[in-house]
Amino acid sequence: MQLYAGLDVSMDETSICIVDRDGKIIKECRTETEPMAIRFALDGYADRLHRVGLEAQAFSPWLFTELRGMGLPAIVVEAVHMQKALSAQRNKTDRNDARGIAHMMRVGWFRQVHVKSSESQHLRVLLSNRRLLKRKFIDVENEVRGTLKAFGIKIGKVSRGKFEARTLAVVEAALPLLQDLVRGMLAVRRMLWTEYSRLHNMLIRIVRRDVVCRRFLTVPGVGPVTALAFKTAIDDPRRFTRSRTVGAHFGLTPKRFQSGTVDYDGRITRCGDSEVRTALYEAANGLMVRCKKWSALRAWGIGVAKRRGHKRAIVAVARKLAAVLHRMWLDGTEFRWTQADGSHGGNTPAIAMTA
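About the cut-offs
- Here, residues in each chain are numbered from 1, in the same order as that chain's written sequence.
- In keeping with the model being predicted, local features are shown solely for residues with a pLDDT of at least 70 and side-chain atom pairs are shown and tallied solely at 80 or more, while totals for entire chains, interfaces and linings include all residues.
- Water and hydrogen atoms play no part in the side-chain values, which are based on all heavy atoms of the structure.
- Residues grouped as a nonpolar core are buried Ala, Val, Leu, Ile, Met, Phe, Trp, Tyr and Cys residues, joined through side-chain atoms within 4.5 Å.
- Each residue is placed in one exposure class: buried if its accessible area under a 1.4 Å probe, protein chains only, is under 20% of its type's maximum, exposed if it is over 50%, and partly exposed if it falls in between.
- Every helix listed is a DSSP run of H or I at least four residues long, and every strand listed is a run of E at least two residues long, numbered separately from the N terminus.
- For this analysis, residues touch if any pair of their heavy atoms sits within 4.5 Å.
- Residues enter a patch when their relative accessible area is above 30% and they make no salt bridge; the linking distance is 9 Å between like charges and 5 Å between nonpolar side chains (Val, Leu, Ile, Met, Phe, Trp, Tyr).
- To measure how exposed things are, a 1.4 Å probe is used in the Shrake-Rupley method; for residues, cover is taken only from the protein chains shown.
- What counts as a salt bridge is simple: a side-chain nitrogen of Lys or Arg found within 4 Å of a carboxyl oxygen of Asp or Glu.
- Counting rule applied: Lys, Arg positive; Asp, Glu negative; His and chain ends not counted.
- Note that the charge is assigned to NZ on lysines, CZ on arginines, CG on aspartates and CD on glutamates.
- Polar contact is defined as a pair of N or O atoms within 3.5 Å, subject to the rule that within protein one atom must be able to donate a hydrogen and the other to accept it, and that residues adjacent in sequence are counted only when both atoms are side-chain atoms.
- Axis definition: a line fitted to C-alpha atoms, over the contacting stretch in the case of helices. Angles run 0 to 180 degrees between N-to-C directions.
- In what follows, roughly perpendicular refers to angles from 65 to 115 degrees, roughly parallel to angles under 35, roughly antiparallel to angles over 145, and oblique to any angle outside these ranges.
- Note on convention: near helix rotated counterclockwise from far helix by under a right angle means a left-handed crossing. Clockwise means right-handed.
- Note on residue classes: Ala, Val, Leu, Ile, Met, Phe, Trp, Tyr, Cys and Pro are nonpolar, Asp, Glu, Lys and Arg are charged, and everything else, Gly too, is polar.

1. Some details on the nonpolar core
Phase 1: In this structure, Phe216, Leu228, Phe230, Phe250 and Leu280 are the most contacted members of the largest nonpolar core, which totals 52 residues.
Phase 2: Elements that contribute at least two residues to this core include exactly α5 (118–149), α7 (176–209), α8 (211–216), α9 (224–234), α11 (274–290), α12 (296–308) and α13 (310–331).
Phase 3: It is α13 that provides the largest number of residues to this core, a total of 11 residues.
Phase 4: Those residues in contact with Leu228 that lie beyond four places of it in its chain are Leu123, Leu127, Leu203, Ile206, Val207 and Cys213.

2. Considering α9
Phase 1: Of all 11 residues making up α9, 10 are buried, and the element is well covered by its neighbours.
Phase 2: Buried residues of α9: Pro224, Thr226, Ala227, Leu228, Ala229, Phe230, Lys231, Thr232, Ala233 and Ile234, and no others.
Phase 3: Buried residues in α9 make contact with α5, α7, α8, α10 (245–249), α11 and α13.
Phase 4: At the C-terminal side of α9, Asp235 shows a positive phi close to 65°.

3. So, a positive patch on the surface
Phase 1: Positive charge collects at one region of the surface, where Lys255, Arg267, Arg270, Arg307, Arg308 and Arg312 lie side by side.
Phase 2: Within the element layout of this structure, Arg312 appears in helix α13.

4. Section: the side chain of Ser295
Phase 1: Among the structural elements, Ser295 can be located in the loop between α11 and α12.
Phase 2: Ser295 gets classed as buried once you look at its relative accessible area, which sits at 0%.
Phase 3: Here Arg298 takes part through its backbone nitrogen, which lies 3.1 Å from a polar atom of the side chain of Ser295.

5. Description of the packing of α11 against α13
Phase 1: Here α11 crosses α13 at 110°, and the two axes come no closer than 8 Å. By the angle between their directions, the pair α11 and α13 is classed as roughly perpendicular. The handedness of the crossing between α11 and α13 is right-handed. Contacts from Leu280, Tyr281, Ala283, Ala284, Asn285, Leu287, Met288 and Val289 of α11 reach α13 at His310, Lys311, Ala313, Ile314, Val315, Val317, Ala318, Leu321, Ala322 and Leu325.
Phase 2: Looking at the contact of α11 with α13 residue by residue, the class counts come to 15 nonpolar, two polar and one charged.

Everything listed is a geometric property; what it means functionally is a separate question.
See below:
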């Protein structure tokens, strides 16, 4: 007899529910949020378990990998789809959520989430940490500028390398308290810049060694960050049967609403990885605005811009870029500047080591 288990995972404890194919509850319990503890709670039923479902959240990659390694048929379910299904319950409790997940596993009404490889997860941590340090660095710099404006002190337009010296020069005549505060902020800014530069250079070295990322760099507008972000987000290109669906995966396709006689398309869905979507948008903007060399993709985008406007054209080019990058990955080819050209039309662009 096939059994189905649902796991409602929280920080300290996990609620477990096991049901049979008719929906009868076989076992309900709570245990520690540890792979071995969960495996022990399922002991005696493991050989009959057909699916073990858990919601996509922070612990999901770790638990999925460990439970799979123990021979359990673990499945990670999309969080939005699961939340909509469980919202029909009258009472929101961990026990009821585990019971609802178990029934979803039984009827097969769920959307399975792809769990990325360990390498991709580590590289995504690098990208997120680099992004966080960059944002905090800019926040500190803007805070210094805003603080000094209240006292009539203007830093003016200055490069990042000369920002600290310029700031110290303009606060020489200020009160000692303000000088000490500014020096403290500048020390934090210096530390953030040092660590950000270290992570950025680490990212550059990784991209230089990666064959797929270097192939992505043959696309105009695509830089090291976009290449690595796209590669780690896709993880396995074979999980997409058609390249045109990659744009929809990153939320670059318009929503559709149809009910009775009402039928219209709205704004883009914005689902999926927001950072990859932003990177693709920036790459498309660079292709359309900064790149001066002609290409079939740029010509297509300019045609869309004339008909629908610049912003819509950027989104359309970003969506097509996602499909192009995915197809290049699968085929092992480089960017084709023209439809008839089988090569990328030039050497791989150099990657700057500076941040």
